[in-house]
Amino acid sequence: MPIVLVAGVLVWWSASHAFAPNAARDAVEPVTAVLEDRGAEKTSTDSDPGLGPDNITPWFTVAYDVTDVATAQQLLERSAADLGRPLLPLEDDSTSTPAPCTEILHWAGAEGPDGNSTLTAEVTHATDAAGQCLEHGAITVSGTAPTPN
């Protein structure tokens, strides 16, 4: 009996998580595709399709290393605008203050093209020993989507 239970849990987990579609990834990918097309180097991804008892909201995060933060940020903003929802600087975030050389952008109205998805980009310049912002840096793009039915 325990073997059947473990096998059942493994089948459910792999079918519902590892290979499950992720609406948040679908919301983020059109924007990040522009960065990748222009040479941004993907350094990591993390996600959850929102199907388990631990999380019911789909989310997706991808990080890039970029040699020219300003150009990458312009491409990021342009790709979001092309989708009809421009990324704007975060105006009021009472929970945190961005670090020096960091700008946080989000969908206008904090809603994606479907009216429910969110997209946030953190654009961070590397700094030199004196704390001056450099052109090299990183962009992290995160998104969420409505809870699957």
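Just above, that's the structure.
Now for a quick tour of the structure. None of these values were measured; they are calculated from a predicted model.

Here we come to the packing of helix α2 (residues 23-37) against helix α3 (residues 69-82). Packed helices, taken two at a time, are described by their axes: the angle between them and the distance between them. Interhelical geometry of α2 versus α3 gives an angle of 145 degrees and a closest axis separation of 9 Å. The crossing of α2 and α3 is right-handed. Side by side, α2 and α3 meet where Pro 30, Val 31, Val 34 and Leu 35 of the first sit next to Ala 72, Leu 75, Leu 76, Ser 79 and Ala 80 of the second.

As a further point, take the state of the cysteines. Working definition: the covalent bond between the sulfur atoms of two cysteines is a disulfide. Tallying each qualifying case throughout the model produces one disulfide. The disulfide bridge from Cys 101 ends at Cys 133, spanning 1.9 Å between sulfur atoms. Judged by the sign of its S-S torsion, about -90 degrees, the bond between Cys 101 and Cys 133 is left-handed. Residue Cys 101 is found in the loop between β3 (87-89) and β4 (102-107), and its partner Cys 133 is found in strand β6 (residues 133-144); the two are separated by 32 residues along the sequence.

The strand order across the open sheet formed by six strands is β1-β2-β6-β5-β4-β3, and the pairing between neighbours is antiparallel. With one partner strand each, in any of the chains shown, β1 (41-48) and β3 form the two edges of the open sheet. Neighbouring strand axes in the sheet, compared pairwise and without regard to direction, differ in orientation by 20 degrees on average. Against the sheet, α2 contacts β1, β2 (59-66), β4, β5 (118-127) and β6, and its axis sits at roughly 10 degrees relative to β2. With respect to the sheet, α3 is in contact with β2, β3, β4, β5 and β6, its orientation differing from that of β6 by roughly 25 degrees.

So, how was this worked out
- For every chain, the first residue of its written sequence is number 1, and the numbers climb from 1 along that sequence.
- pLDDT decides what is reported in this predicted model: residues at 70 or higher carry local features, side-chain atom pairs at 80 or more are listed and counted, and totals for whole chains, interfaces and linings draw on all residues regardless.
- Think of the side-chain values as coming from all heavy atoms in the structure, minus any hydrogens and water.
- Simply put, an axis is a line fit to the C-alpha atoms, just over the touching stretch for a helix, and the angle between two N-to-C directions goes from 0 to 180 degrees.
- Counting from the N terminus, the helices are the DSSP runs of H or I reaching at least four residues and the strands are the DSSP runs of E reaching at least two.
- For a crossing to be left-handed, the near helix must be turned anticlockwise from the far one by less than a right angle; the clockwise case is right-handed.
- The contact rule is simple, with two residues in contact once any of their heavy atoms fall within 4.5 Å.
- Cysteine sulfur atoms that come within 2.5 Å of each other are treated as a disulfide pair.
- Note on pairing: DSSP must find at least two bridges between two strands before they are called paired.

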